[in-house]
Each structure stands twice: as structure tokens, then as C-alpha cells.
Amino acid sequence: MTAAADTAPTRTTTPVFRRAVEGKALPILIVLGVIILIWYAFTVYLNAPWQIDAYERAGTEWTATDLVRDTMAQERPVLPSPHQVVAEIWKTTVGTRLTSKRNLFYHAWITLSSTLLGFVIGTALGVLLAVGIVHNRAMDKSVMPWVIASQTIPILAVAPMIIVVLNAIGLSGLLPKALISTYLSFFPVVVGMVKGFRSPEAFQLDLMRTYNASGTQTFWKLRWPAALPYLFTSMKVAVAISLVGAIVGELPTGAVSGLGARLLAGSYYGQTVQIWSALFMAAALAALLVGLVGIGQRVVMARLGAKP
Amino acid sequence: MNANPAIRQEASSPQTSQPVVEAKGLGLTFETNDGPVRALADVDLTINKGEFVSFIGPSGCGKTTFLRVIADLEQPTAGEILVNGMTPEEARRKRAYGYVFQAAGLFPWRTIEQNVALPLEIMGYSKAEQKERVHRTLDLVNLAGFEKKFPWQLSGGMQQRASIARALAFDADLLLMDEPFGALDEIVRDHLNEQLLDLWARTGKTIGFVTHSIPEAVYLSTRIIVMSPRPGRVTDVIDSPLPRERPLDIRETPEFLEIAHRVREGLRAGHGDD
Ligand SMILES: Nc1ncnc2c1ncn2[C@@H]1O[C@H](COP(=O)(O)OP(=O)(O)O)[C@@H](O)[C@H]1O
Ligand SMILES: [Mg+2]
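Residues numbered from 1 in each chain as written. Chains lettered and ligands numbered in written order. Predicted model: local features only at pLDDT ≥ 70, side-chain atom pairs only at ≥ 80, totals over all residues. Heavy atoms only, no water.

(A) Spatial organisation of the interface of chain A and chain B. Listed per partner, the contact involves 21 residues of chain A and 25 residues of chain B. Here chain A packs against chain B, burying approximately 2,200 Å² in sum over the two surfaces, 63% of which is carbon and sulfur. Inspection of the chain A/chain B interface yields three salt bridges. Among the ionic pairs, E121(B) bridges to K221(A), the shortest N-O distance being 2.8 Å. (Contact = heavy atoms within 4.5 Å. Buried area = accessible area lost by both parts, 1.4 Å probe. Salt bridge = Lys/Arg side-chain N within 4 Å of Asp/Glu carboxyl O.)

Here it is, written out as C-alpha cells:
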């Protein structure tokens, strides 16, 4: 009786809320809260010297409360406070016309389009190289070392060269930036797909042989479906570093739009609040992209009979 | 039941027998880092059409290797072997046999019916024909109603039945089975053995069957090949006098126990050679 009465309220709560309390949401929220607290502490700590300086120059009396309040409201703080960043993001997204060059969504879209183009080319290139490496001994020996070597060169060194060289042959705009994303994103796809294409067991390949299956049939009916889980896992990494590539691609070009351009402009003029809001927009974009790949993964895997 | 065994033996191996597998002086030596391993040496053996031949022997005696040589998955290093009068490679290209591996090895991303349809897709059967054959073979292994299930939704025994259906779906007259029930518990195994005999009687296929179990070999086979290791070779060939019709309780008859005894003796003699 009492037990039934006790459980009754929980039944009426929404599943979302219950999941939030029982599931992973609560620990995540606690960690988030701690991070924000630490952030506020550092805001005061890092901005205090300049603030105290300012008080002394102006000859004003100040208390600890004044200091805490004022360190969180500087125009060009060393570290902006969380609410300053939130206010800036709000102002430059919802509070600005969508077509305006001052809207952060506009810049996010510029970066996103080159991220996606680079990611698609990179994934296709990665899959093609993996197919070659798995099916051709010579390619296995010759291509893989170059693939690995390509990633040991810092992208910051390569990016300006790519942009300059492509500009010289008449390519400008979206494609050069996208190719920097490609340069970064093909790598996890090659590595993941080589592993995926090689994941069928020896007896599964033998089985195809007993059917006298052709190489193409073995590829499409065994190697490709076996590699799909690997494809999605590497695409998650690839899409995130594609975004990094697009941002890096905007730095050396003197681009006026894109999240990279906002970061650069922010650092020229000491606009730390602007830098941090661009950073947060980039992080949100990355989370969104990785999440979308994850949803695609779940949909495809469910159709292919993965255990729920 | 008590009729003269000799007469039945004659009946089960008629004069007009047609060889499906013929091995003469067959040998296979693997070159490994630890030196050569003689997996098969001097194997002379003929399997005739419609026979149920079991291979029994301790592990490492070359049972799997012999089946794989028939299937052109392994190349012999000595002697010769013909499958349906052709080289194993030609036979494989003509899709002369179905092979059932020890692990069911169903593709986890395909439903049961899609798994059974796999060889049919590869061999270019029409969609309608595929459907008809999948239906018929799933019926044959008592899996009707499980078409849309994914492998993980089935028990181990059912998965193995599906893999047998996959090997039966196309028109190969020879079925090669490598310890197909080795990983299953005894009750499931008994049941599948009964079904396999029934299936053999209905389809008239020739079956090569590898097993570790003496009762299984005696219960199923028209002929039992006893093998011994180092080097892998045939030490005894036992023609079974049991009738083709075999209820499970035939395993308690004196005839059955006598053959089982002979197999056991054969295995022991093979061991004595070490
Ligand atoms: N691919 C291989 N390379 C090297 N040695 C092998 C290979 N396959 C089998 N062997 C060896 O050949 C012998 C026979 O193996 P196998 O035919 O699998 O025996 P069984 O099936 O009777 O247990 C064993 O000694 C085994 O180690
Ligand atoms: Mg074996």
C-alpha cells in the first residue's frame, strides 16, 4: 500500500525528467556546474590585476564585492565571464539580422559549408584509398606510408601553401578551404576502412570462395557491410577535424567571414569576448555534426540488424 | 532389423556406383616456421554418389584439411584428387558442393532469409527463384517462420540449421560439413542429427561429414573413415550395415554398438602408432 503510494508520484513525472535524473544527465550537469564555477573563479583571478590598476589610477575606493562585480564586466578582459560570452552569443545570433555580416550564424554557415564539402571529399577519398590498399599489395606497401607521413606535417604549415598554390591556378573561395578539411579528414577514414575491409574472418572469405564469388561480389556482399561500423566511427572523427580544417583554412587567407575569421579579427583587436563566442559556436557546430553522424550510424545499423 | 547385414551393405553400395570424390595418394604438407607439417599423407579414398561418409579422428589428423582440399580451399602437394571427375577448382567454379563450416558464420547484417539467399544472389538466380528456394530450404531445415529474424535472435542450433539451408539452397549434389554440430549441446545435436538424416534421405545428396563423436559418426554414416595424426592418414574404413532408415533408438542395438566398438578400436590403434 505505502509502496504503491510512494511510487505513484514517480509514474506521473515525464520520462524525459526521469531519464535526466536516473541517467547520465545528472552527472554531466554536475560537472558542467563545477566547470562554470571554476571559470568564474579564474575570471576574477585573471582580470583582477588590471582592475586594481584601474581603481588606483582613478583613485577610487573599492571593496571585494566591487572587484568581483567589475572583473566580470570588463570590455576587453583577459578571460571573459561565462555570462558575458552567453550575452555576446545571444546578441550576435538572435539579436542580429540573419543576413548581416555581424551575425554569428552567418559566419558559422560559411565555415560549415566548407567543412561539409571537405568532409565529403575526404571521406570519399579515404574510402577509395582503403579499397585500393586492401585489394592491391603494391598500393598497400606504397600508399600507406605516405598517408601516415601526410599527417605528421603540421596543418598550420600546409594550409597557407595550399591556399596560395590553389589561388595561383585560379581556384579561390570555398574549394581551397574545403581541401584543407579534406587533407585532415581522409586520414581517419583510410585507417578505419582498411581495418573494416579486413575485418571479415578467413572462413567468411572462404565461404564466398566456395560460391565462386567474384572480387566485386565479395566486396559488396561481405567487405563493405562488414566495414560499415568502422566507416561511421571514422566519420565521427573526420567530421570534427574537418571543422578544425575549415577554421584553420580561414586564418591565413585574410578571410572576412567564417568562424576562423572571427577568431582572427577578435585577436587583432583584443576582443576576447568575440573570440570566446566564436570558439563556443565552433564547439556547438562540432557537437552537432558528430551527433548527426551518430544518428546516421544508429539508423543504418538498426536496418542492418544490430542489437538494439 | 535382424536381416542379414551383408545384403543391406550391398544395397547401400550398388555396383553402378558413381564416384563423386576420388583421391589417390593424396598428400598435403604445410610449410610452417617450425618445419613441415604433414597434414595428409597417402590418402586413397573414393566417395560415391548418395553416400554419407563421416571422417573421425583426434584433432590434427587432417579431417578439415581433407574437406578443404575437396573444396579447393587448400592445394594438395602430392597425389591427385577428382571431384565429379574434374579438378577441385573446376568443380568449385561449377558450384559442385555446399560447405558448412564449424561456426554457422551467418552474416549478422542479413536476416535469415537474406543469409540463405546469399549464394543465390551470387550465382545470379532470379528474384522469384530466390524466393522460392529460400522458402523451400528453410522449410527443409524446419526454420519456416524465422525468415525475417536476424541471426542474433536465433539459438545456436537454429543458426547452424540456417547455415545448412544456405548450403542446400543451390543445386550442389555434394554437401561438405566440418563439425557442424561440434559447438552444440547433446540434446540439440541429437535432434539435428535426426533432421540431417531425414534431409539426406529426401534430397539424395552425397555428404562428407567431419565429427569428433563416435555415436554421431555411427548414427549418420553409410561409411566411416577413421583417421590418425602425424602424418594425417586413413587408418580404417568401416562400411555400416545399418539400414538407411534410422530412428534415434537404433543407437541401443547390438549392431550399432558393434560398429561403435570397431571405430573406437580403430581410433585407439591410430593412437598406438605414436
Ligand atoms: N594453414 C595451415 N598452416 C599450417 N598448418 C596447418 C594449416 N592448417 C592445418 N594445419 C595443420 O595440419 C594438421 C591437420 O589440421 P586439420 O586438418 O585442421 O586437423 P583436424 O581438422 O583433423 O583437427 C594440424 O597439425 C594443423 O596444425
Ligand atoms: Mg578440424
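(B) Spatial organisation of the sheet that holds strand β5 (residues 97-100) of chain B. All names here are of chain B. On the basis of which strands lie adjacent, the open sheet formed by six strands has the order β5-β6-β7-β3-β8-β9 and mixed pairing. In the strand order of this sheet, the two ends are held by β5 and β9 (233-239), each with one partner. Ignoring strand direction, the axes of neighbouring strands in this sheet form an average angle of 15 degrees. Each of β5 and β6 (174-178) is contacted by helix α6 (residues 156-168), which is oriented at about 165 degrees to β5, the strand it contacts most. Sheet contacts for helix α7 (residues 186-203): β3 (52-56), β6 and β7 (206-211); angle to β7, the most-contacted strand, approximately 160 degrees. (Pairing = 2+ DSSP bridges. Helix = DSSP H or I, 4+ residues; strand = E, 2+ residues; numbered from the N terminus. Axes fitted to C-alpha atoms, helices over the stretch in contact; angles between N-to-C directions.)

(C) Broad picture of the side chain of S221(B). Residues and elements named next belong to chain B. Mapped onto the elements of the fold, S221 is located in the loop between α8 (214-220) and β8 (223-228). Looking at S221, its side chain comes within polar contact range of the side chain of S54, at 2.5 Å. At 2.4 Å, the side chain of S221 forms a polar contact with the backbone oxygen of A217. Residues within four places of S221 in sequence aside, it is in contact with F52, S54, S240 and R246. (Polar contact = N/O pair within 3.5 Å; in protein donor to acceptor, adjacent residues only side chain to side chain.)

(D) Region of interest: the sheet that holds strand β4 (residues 78-83) of chain B. Residue and element names in this part refer to chain B. As summarised here, the arrangement of the three strands in space is β2-β1-β4, forming an open sheet in which the pairing is antiparallel. Across the chains shown, the open sheet's two edge strands, defined by having one partner strand only, are β2 (35-48) and β4. Neighbour to neighbour, the strand axes of the sheet diverge by 20 degrees on average, direction disregarded. Two strands pair when backbone bridges link them, and strand β1 (residues 19-32) and β2 are joined in this way by 10 bridges, in the antiparallel orientation. Paired with V21 across the strands is I47, a residue of β2. Against the sheet, helix α2 (residues 63-70) touches β1, β2 and β4, its axis set at about 120 degrees to β1.

(E) Representation of helix α7 (residues 137-150) of chain A within the structure. Residue and element names in this part refer to chain A. Over its 14 residues, α7 extends 20 Å from the first C-alpha to the last, a length consistent with the 20 Å expected when each residue adds 1.5 Å. The sharpest bend along α7 reaches about 30 degrees and sits at V143, with the proline P145 one to four residues further on. Among the residues of α7, V143, M144, V147 and S150 are the ones counted as buried. Those residues of α7 hidden inside the fold are in contact with α6 (104-135) and α9 (174-197). (Expected span 1.5 Å × (residues − 1). Bend = angle between axes of the 7 residues up to and from the residue. Buried < 20%, exposed > 50% of the residue type's maximum accessible area, 1.4 Å probe, protein only.)

(F) Structural context of the nonpolar core. Membership of the largest hydrophobic core comes to 93 residues, with the highest contact counts inside it found for F55(B), F66(B), I70(B), V218(B), I224(B) and V263(B). Per-element accounting of this core gives the leading share, seven residues, to helix α4 (residues 112-123) of chain B. Once residues within four sequence positions are removed from consideration, F55(B) is found in contact with L45(B), I47(B), K63(B), F66(B), L67(B), G208(B), F209(B), V210(B), T211(B), I225(B) and M227(B). F119(A), A238(A), L263(A) and M281(A) belong to the second-largest nonpolar core, a separate cluster that totals 39 residues. (Core = buried A, V, L, I, M, F, W, Y, C linked by side-chain atoms within 4.5 Å.)

(G) The arrangement of the domain arrangement of chain B in detail. Residues and elements named next belong to chain B. Segmenting chain B into domains produces domain 1 (5-11 + 18-96 + 172-270) and domain 2 (106-171). Placing a centre on the C-alpha atoms of domain 1 and another on those of domain 2 gives a separation of 25 Å. Every contact between the two is made by 16 residues of domain 1 and, on the other side, 14 residues of domain 2. Each partner contributes to the roughly 1,200 Å² buried at the junction of domain 1 and domain 2, and carbon and sulfur atoms together form 68% of this total. Taken as a group, R95, A172 and L199 account for 37% of the area that domain 1 buries against domain 2, more than any other trio of residues on that side. Joining domain 1 to domain 2, the criterion identifies zero salt bridges. Viewed at the interface, domain 2 and domain 1 are joined by two residue pairs in polar contact (both at pLDDT 80 or more). Looking at the side of domain 1 that touches domain 2, the elements that each hand over two or more residues are β6 and α7. (Domains from an automatic or database assignment.)

(H) The arrangement of the pairing of β6(B) in detail. All names here are of chain B. Of all five residues that make up β6, five are buried, and the element is covered over most of its length. A two-sided burial pattern is seen for β6, the buried positions comprising L174, L176 and D178 on one face and L175 and M177 on the other. Here β6 runs beside β7; their pairing, made up of five bridges, is parallel. Paired with M177 across the two strands is F209, which belongs to β7. Following the chain from β6 across α7 to the adjacent parallel β7, one finds a crossover that is right-handed. (Right-handed = clockwise from strand over helix to strand, strands pointing away.)

(I) Main features of the pattern of salt bridges. All told, the structure shown has 24 salt bridges over all chains when counted by the stated rule. Salt bridges sharing common partners tie together D66(A), R69(A) and D70(A).

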